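Structural overview for review
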Amino acid sequence: MELKYYIIRRLLILIPTALGLLLMTFILLRAIPVSDLIANYVNQRASPAQRAIEKQQAIALLGIGQPLPEQFYIYIVDILHGNLGNMYSNFYSGPVIVGIEDYLPFTLELTIFTVIVSVLIAIPLGTFIGSRPNTVADSTGRVFSLIFFAMPIFWLALVLQLVFGKNIGPLGAYGLPISGQGYPSTQQVGFIVNGVSQPTHMLFIDSVLHGDFPLALVALEHLILPVLTLSMSILAGLLRFIRAGMVDTANQEYIKTARAKGVPEKMVLKKHIRKNALLPSVTVIGLLVAGLLGGVVVVEDIFKLEGLGRLSLAAVVGTVGNNIQFYGVAGTILFFGLILMLTNLIVDVVYAFLDPRIRY
Amino acid sequence: MQTTISIFKKGAVQRKRHPKVEDMIETLKLIIKNKVAMTGLVITMTYMILALLDVIYPAYLGYGPNIITSLPQLLPPGTPLGEQLPTPPTFANGWHYWFGTTVGAYPLFPAILASLRIDLGYSLVIVLTGAIVGIFVGTFSGYFGGFWDELMMRITDVFYSIPFLVMAIAFTTILSYSLLQDHVPVNGFNLVALALIIIWWPTYARLTRSITLSLKSSRFIEAAVASGSSRIRNVVTHIIPGVLSPVFVQISLDLGSIVLVFATLEFLGLGAIIQINSYTPELGNLITIGQAYLVTGDWWPIFIPGVFLLIFTVGINIFGDGMRDVLDPKMRR
């Protein structure tokens, strides 16, 4: 089967999963009494007339009075039109979809930086360790990956803050900032509108695009500790996998052949062993990103970063008297699921592209 | 003398052989030989014994079941009661203070020991229940195939398409809210456990299903079918014993992850939603209450409970890895 058909098939499989995801959020929402869902949609601080309008909107959105399958259909149509309901919390108030639009880019920035950093470290390190099995370097690497794989992310973040934090750890005033993304608090910057940078909403990339390098440096400084925290667990997982792949591949017959016909050892390592050993590691990235997205919630909470994870947590615990914002919970779940589904799609396609034998 | 020896030998020859028992003894020997797995086992067992001790003999810490309320009263003589700041680790005031105190003059060492029961107990319940549900769903849907199999696999797909922690947060909050509205009294930790079981079984369903599919085409199942054994009997007596050893490895690896998820949920502030006392001894909670003193650079309320958590997860992980090596028939001899 050609790659083209494989991609089409893979996209078609996505449809039942996406429907299932929608059904799950629908069931979660319907586990809540309808009156609470309506109260959740309405801004209680608005004028009575405005509240009456919002109440009507909520009733239309929920499809109250219709049979349940009809309600599910209305729910899907609403989501396809970008109507995810409203949420009111200390962190963000307004339509959920606008909140996601504002905060998703930062989460993507954090995730992409993390994946890049960990892959860039893991490949050379994994090659180095995997080419010397059962040496001191190998054992050190294995112990390292074991410890960081089992380490609670929130604890690692706090310890990094204790050690490298500005005005906390031994580095004193030269330490790294431990909260926020580095948005300037006093001076006015042209491309920052309503506290969000334009056009990509990622402060580092935007400031580079506008040629504001001091601000880019500040933004980068604020990213170091969160990225370090998140990449440790991914790095540990990747390292384990690459090492195992290297050791496995090194025992193959064709490696012996390559050595026997006189290929230099460096070439054997780089071209024959590593290329084949890295192939299965591509599949793990999808799994690791799933863990990473969970970690994003924790890290954004600890480092006070304004991303999707913080938004999802704000919907749960970020309101006065813990008034849970159900639309916020359902909307953020949907988007986390969407990111993960797309990541898995990309991973599968890349894998099929790299390994022509794979066509499911 | 001669006769006794010969009788003994005769008895030994006639003794009935038990292949299953011999296999288990062989496995045990391999585990004992594997030093890494043994280290993991020793760490895990130490934690388990400490946790069990808290159930069997709650007064072993010196204070009965109401440890939450009684711990802050353990101030060393001469400490002003108004002072609530954490004190650093010291060996001067007895073993309670070896790790210092945290918020509210709450000594850390006994609090950590008391928290093992909640952390380990709940994660055992979650993992075992999830495994049992997953085994039944996975083996039956894998063996019977058809519509239900397809449906079950699509359901697990959905569970796999959401990051675990995000789903755990959502399920816990919505379950707690909807149970509260229905006036169902549930203990907060039980609620978290329930939410985690709901989202944990798909791992086991997938694992056991894939093994079932490969076992299904093997000769001994064919033989069982030929001898007239029913499909349900086949699954229960032939397939389920076959999937147990990989499931056991997965259980030991998952125990660590569940402890982490449990602590993370507490850390993220879900304790307020599931209505748990903020002084409840639970490792994630202990780290959370210590976080207030981060800015002053007080390291011990955060660092020490985390190290305890880390040692357990590392221990159970190396035990699981070792078990995988031992139980994998290909790597065995």
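If you're wondering where the values come from, they're calculated on a predicted model, not measured in any experiment. (Residues numbered from 1 in each chain as written. Chains lettered and ligands numbered in written order. Predicted model: local features only at pLDDT ≥ 70, side-chain atom pairs only at ≥ 80, totals over all residues. Heavy atoms only, no water.)

Considering the overall build of chain B
Rules: In this text, helices come from DSSP runs of H or I with a minimum length of four residues, and strands from runs of E with a minimum of two, each type numbered from the N-terminal end. Three exposure classes are used, based on accessible area relative to the maximum for each residue type with a 1.4 Å probe and protein chains only: buried under 20%, partly exposed in between, and exposed over 50%. Here, two residues are considered to be in contact whenever any of their heavy atoms come within 4.5 Å of each other. What sets the accessible areas is the Shrake-Rupley method with a 1.4 Å probe; for residues, cover comes only from the shown protein chains.
Each helix and strand in chain B was counted, giving 13 helices and 2 strands. Among the 333 residues that make up chain B, the fraction classed as buried is 50%. Nonlocal contacts in chain B, meaning residues at least 24 apart in sequence, comprise 73% of its contacts between residues at least 6 apart. Put simply, chain B shows about 16,500 Å² of open surface, and 68% of that area lies on carbon and sulfur atoms.

Comments concerning the overall build of chain A
Which entries qualify depends on this criterion: His residues and chain termini do not enter the charge count, which takes Lys and Arg as positive and Asp and Glu as negative. Charge placement uses NZ in Lys and CZ in Arg. For Asp and Glu, CG and CD serve respectively.
In terms of regular secondary structure, chain A is built from 13 helices and 4 strands. Overall, the C-alpha framework of chain A stretches about 85 × 60 × 40 Å when taken along its three principal axes. Burial status across chain A gives 51% buried among its 360 residues. Long-range contacts, defined here as pairs at least 24 residues apart, represent 68% of the contacts in chain A between residues at least 6 apart. Of the accessible surface of chain A, which amounts to about 17,100 Å², a share of 66% is contributed by carbon and sulfur atoms. In chain A, 24 positive and 20 negative side-chain charges are present, and the distance between their average locations comes to 12 Å.

A few points about the pattern of salt bridges
Residue and element names in this part refer to chain B. Stated formally: What makes a salt bridge here is a side-chain nitrogen of Lys or Arg within 4 Å of a carboxyl oxygen of Asp or Glu, nothing more.
Applying the stated criterion across every chain, the model contains 10 salt bridges over all chains. Linking arginine 154 and aspartate 157 is a salt bridge whose minimum nitrogen-to-oxygen distance equals 2.9 Å. Separated by 3 residues within a single helix, arginine 154 and aspartate 157 lie in helix 6 (residues 146-160), roughly one turn from each other. Put simply, Glu150, Arg154, Asp157 and Arg206 are held in one network by salt bridges that share partners.

Let's talk about helix 1 (residues 3-30) of chain A
In plain terms, the rule: By this rule, a helix spans an expected 1.5 Å times one less than how many residues it contains.
Counted at 1.5 Å a residue, the expected span for helix 1 of chain A with its 28 residues is 40 Å, and the 41 Å between its end C-alpha atoms agrees. Within the sequence span of helix 1 of chain A, burial applies to A:Tyr6, A:Arg10, A:Leu14, A:Thr17, A:Gly20, A:Leu21, A:Leu22, A:Met24, A:Thr25, A:Phe26, A:Leu28 and A:Leu29. Buried residues along helix 1 of chain A sit against helix 2 (34-41), helix 4 (68-80) and helix 13 (326-354) of chain A together with helix 6 and helix 7 (164-181) of chain B.

A look at the nonpolar core
Filter applied, for reference: Buried Ala, Val, Leu, Ile, Met, Phe, Trp, Tyr and Cys residues that are joined via side-chain atoms within 4.5 Å together make up what is termed a nonpolar core.
Counting residues in hydrophobic clusters, the biggest one holds 182 residues, and the most contacted among them are A:Tyr75, A:Phe154, B:Leu196 and B:Leu268. In terms of residue count, helix 10 (residues 231-270) of chain B provides more of this core than any other element does, 17 residues in total. Membership of the second largest hydrophobic core comes to 8 residues, among which are A:Phe191, A:Ile192, A:Leu203 and A:Ala216.

A look at the interface of chain A and chain B
Applied cut-off: Here the quantity called buried area is the accessible surface, traced with a 1.4 Å probe, that two parts lose on coming together, added over both. What qualifies as a polar contact is a pair of N or O atoms within 3.5 Å, subject to a donor-acceptor requirement within protein and to the restriction that residues adjacent in sequence count only when both atoms come from side chains. Each residue is assigned to one of three groups, with Ala, Val, Leu, Ile, Met, Phe, Trp, Tyr, Cys and Pro labelled nonpolar, Asp, Glu, Lys and Arg labelled charged, and all others, Gly among them, labelled polar.
Taken together, the 43 residues of chain A in the interface contact 46 residues of chain B. Counting each side, the surface lost to burial between chain A and chain B is near 3,900 Å², with a carbon and sulfur contribution of 83%. Among the residues chain A hides against chain B, the three largest losses belong to A:Phe154, A:Trp155 and A:Leu162. Together they make up 16% of the total. For the pair chain A and chain B, the interface holds 1 salt bridge. Between A:Arg240 and B:Asp321 there is a salt bridge whose closest N-O contact spans 2.6 Å. Taken together, chain A and chain B are joined by 5 residue pairs in polar contact (both at pLDDT 80 or more). Each residue belonging to the side of chain A that touches chain B can be placed in one class, and the counts come to 33 nonpolar, 7 polar and 3 charged.

Section: the packing of helix 12 (residues 308-317) of chain A against helix 13 of chain A
All names here are of chain A. For clarity, the threshold we go by: For helices, the fitted line uses only the C-alpha atoms of the stretch in contact; every axis is such a line through C-alpha atoms, and the angle between N-to-C directions lies from 0 to 180 degrees. When describing relative orientation, an angle under 35 degrees is termed roughly parallel and one over 145 degrees roughly antiparallel, while 65 to 115 degrees is termed roughly perpendicular and anything else oblique. Helix crossings are classified by the rotation of the near helix relative to the far one: an anticlockwise turn of less than a right angle makes the crossing left-handed, while a clockwise turn makes it right-handed.
In the contact formed by helix 12 and helix 13, the axes pass within 8 Å of each other and the chain directions differ by 150°. As summarised for this structure, helix 12 and helix 13 are arranged roughly antiparallel, according to the angle between their axes. For helix 12 against helix 13, the interelement crossing comes out left-handed. For the pair helix 12 and helix 13, contact is made by Leu308, Gly309, Leu311, Ser312, Ala315 and Val316 and by Gly328, Val329, Thr332, Phe335, Phe336 and Ile339, respectively. Tallied by class, the residues present in the contact of helix 12 with helix 13 amount to 8 nonpolar, 4 polar and no charged.

Concerning the packing of helix 6 (residues 136-149) of chain A against helix 9 (residues 213-250) of chain A
A packed helix pair is summarised by two numbers, namely the angle formed by the two axes and the spacing between the axes. Residue and element names in this part refer to chain A. Two elements in contact, helix 6 and helix 9, have axes whose closest approach is 8 Å; the angle formed by their N-to-C orientations is 135°. As judged from the angle between their axes, helix 6 and helix 9 are oblique. Note that helix 6 runs across helix 9; the crossing there is left-handed. Note on element contacts: helix 9 touches helix 6 through Met232, Ser233, Leu235, Ala236, Gly237, Leu239, Arg240 and Arg243, opposite Asp138, Gly141, Arg142, Phe144, Ser145, Leu146, Phe148 and Phe149.

Focus: the layout of surface pockets
Residues and elements named next belong to chain A. Here is the rule: Only protein atoms enter the 1 Å grid used here, on which a cavity is any set of points holding a 1.4 Å probe that cannot leave and a pocket is any open set flanked by protein within 12 Å on both sides along at least five of seven lines; residues with an atom within 4 Å of a point are listed as lining. Grid points are joined across faces, edges and corners, and a volume is the space filled by probe spheres set on the points.
Considering only enclosed or pocket space, the second largest pocket measures out at about 520 Å³ in volume. Lining the second largest pocket are 25 residues; nearest its centre among them are Val115, Ile285, Val289, Thr343 and Val347. Counting only elements with at least two residues in the lining of the second largest pocket, the list comes to helix 5 (96-130), helix 9, helix 11 (265-302) and helix 13. Of all the elements, helix 5 adds the most residues to the lining of the second largest pocket, at 9 residues. Residue composition of the lining of the second largest pocket, grouped by class: 22 nonpolar, 3 polar and no charged.

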